[in-house]
Amino acid sequence: MALRFVGMDPNTGGEGSPTVWVEEESADVVLQGEEADELLLALVGSTQWVPGHTLGVPAHERVIRIPARMVPILREACDVAEHRDIR
């Protein structure tokens, strides 16, 4: 597996920084961010966002928070994923 680094939180203090990559083969966007606090997790897990969809966050998934100041980095990652070279 190879990751293409796209960007890191510009306000990072040097450790534990929200970061964005694109996985080269699948073009999946890979995110590192702050794990959701209890209040956000409860809101996400108790709201039926799509009719008929199961409530809750599955054990194999996590809710993370990415700072709004990273929106340009996320856009770039989406562009990289969408326009990657298909070999």
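(A) Geometry of the overall build of the chain. If you tally the helices and strands in the chain, you get two helices and five strands. Moving toward the C terminus, one meets the helices and strands of the chain in the order β-β-β-β-α-β-α. On C-alpha atoms alone, the chain measures out to a radius of gyration of 15 Å, which is more than a quarter above the 12 Å that the 2.2 N^0.38 rule sets for 87 residues. By the burial criterion, 23% of the 87 residues in the chain qualify as buried. Accessible surface, the chain as shown: approximately 6600 Å² in total, 53% of it carbon and sulfur.

(B) Main features of the side chain of aspartate 9. Inspection of the secondary structure assignment puts aspartate 9 in the loop between strand 1 (3–8) and strand 2 (19–23). In this structure the side chain of aspartate 9 is engaged in a polar contact, spanning 2.8 Å, whose partner is the backbone nitrogen of asparagine 11. When sequence neighbours within four positions are dropped, the list of residues in contact with aspartate 9 reads Pro18, Pro67, Arg69 and Met70.

(C) Structural context of the nonpolar core. Counting nine residues, the largest nonpolar core consists of Val6, Val20, Val22, Ala27, Met70, Ile73, Ala77, Val80 and Ala81. Of all the elements in the fold, those that place two or more residues in this core are strand 2 and helix 2 (71–82). Excluding residues within four positions of it along the chain, alanine 77 makes contact with Val6, Val20, Val22 and Val29.

(D) Seen up close, a negative patch on the surface. Side chains of Glu34, Glu35, Asp37 and Glu38 sit close together on the surface and give a patch of like negative charge. By the secondary structure assignment, glutamate 34 is in strand 4 (residues 34–35). Exposure remark for glutamate 34: the relative accessible area of 54% places this residue in the exposed category.

(E) Layout of the pattern of salt bridges. Tallied over the full model, the rule gives one salt bridge. A salt bridge links aspartate 9 to arginine 69; the shortest N-O distance between them is 2.6 Å. Here arginine 69 lies in the loop between strand 5 (64–65) and helix 2 and aspartate 9 lies in the loop between strand 1 and strand 2, a separation of 60 residues in the sequence. The exposure class of aspartate 9 is buried, given its relative accessible area of 5%.

(F) Structural detail: the pairing of strand 3 (residues 29–32). Sheet topology note: the strand 2/strand 3 ladder contains four bridges and is antiparallel. By the bridge assignment, tryptophan 21 is partnered in strand 3 with valine 30. Connecting the antiparallel pair strand 2 and strand 3 is a turn made up of five residues, with alanine 27 showing a positive phi of about 65 degrees.

(G) A look at the environment of valine 29. Here valine 29 lies in strand 3. Along the primary structure valine 29 and valine 71 are separated by 42 residues, whereas in three dimensions their C-alpha atoms are 13 Å apart. Leave out the neighbours within four places in its chain, and valine 29 touches Val20, Trp21, Ala77 and Ala81.

Cut-offs applied
- Each chain carries its own residue numbering, running from 1 in the written order of its sequence.
- Selection of residues for local features in this predicted model requires a pLDDT of at least 70, selection of side-chain atom pairs for listing and counting requires 80 or more, and totals for whole chains, interfaces and linings are taken over all residues.
- Water and hydrogen atoms play no part in the side-chain values, which are based on all heavy atoms of the structure.
- Numbering of helices and strands starts at the N terminus; helices are DSSP runs of H or I of at least 4 residues and strands are runs of E of at least 2.
- As a reference, a globule follows 2.2 Å times the number of residues to the power 0.38, and the radius of gyration itself is taken over C-alpha atoms.
- A simple rule labels every residue: compare its accessible area, found with a 1.4 Å probe on the protein chains alone, to the largest value its type can have, and call it buried under 20%, exposed over 50%, or partly exposed in between.
- Accessible areas in this description were obtained via Shrake-Rupley with a 1.4 Å probe; residue shielding takes into account the shown protein chains only.
- Within 3.5 Å is the distance limit for a polar contact, defined as a pair of N or O atoms, with the added protein rule that one can donate a hydrogen and the other accept it, and that residues adjacent in sequence qualify only through two side-chain atoms.
- Contact definition: two residues touch when any of their heavy atoms are within 4.5 Å.
- Side-chain atoms within 4.5 Å link the members of a nonpolar core, which is a set of buried Ala, Val, Leu, Ile, Met, Phe, Trp, Tyr and Cys residues.
- Every patch collects residues that have over 30% relative accessible area and no salt bridge, joining them within 9 Å if they carry like charges and within 5 Å if they are nonpolar side chains (Val, Leu, Ile, Met, Phe, Trp, Tyr).
- What counts as a salt bridge is simple: a side-chain nitrogen of Lys or Arg found within 4 Å of a carboxyl oxygen of Asp or Glu.
- Charge convention: Lys and Arg are scored as positive, Asp and Glu as negative, and His as well as the terminal groups of each chain are ignored.
- We put the charge of a Lys on NZ, of an Arg on CZ, of an Asp on CG and of a Glu on CD.
- Paired strands, in this sense, are two strands between which DSSP finds at least two bridges.

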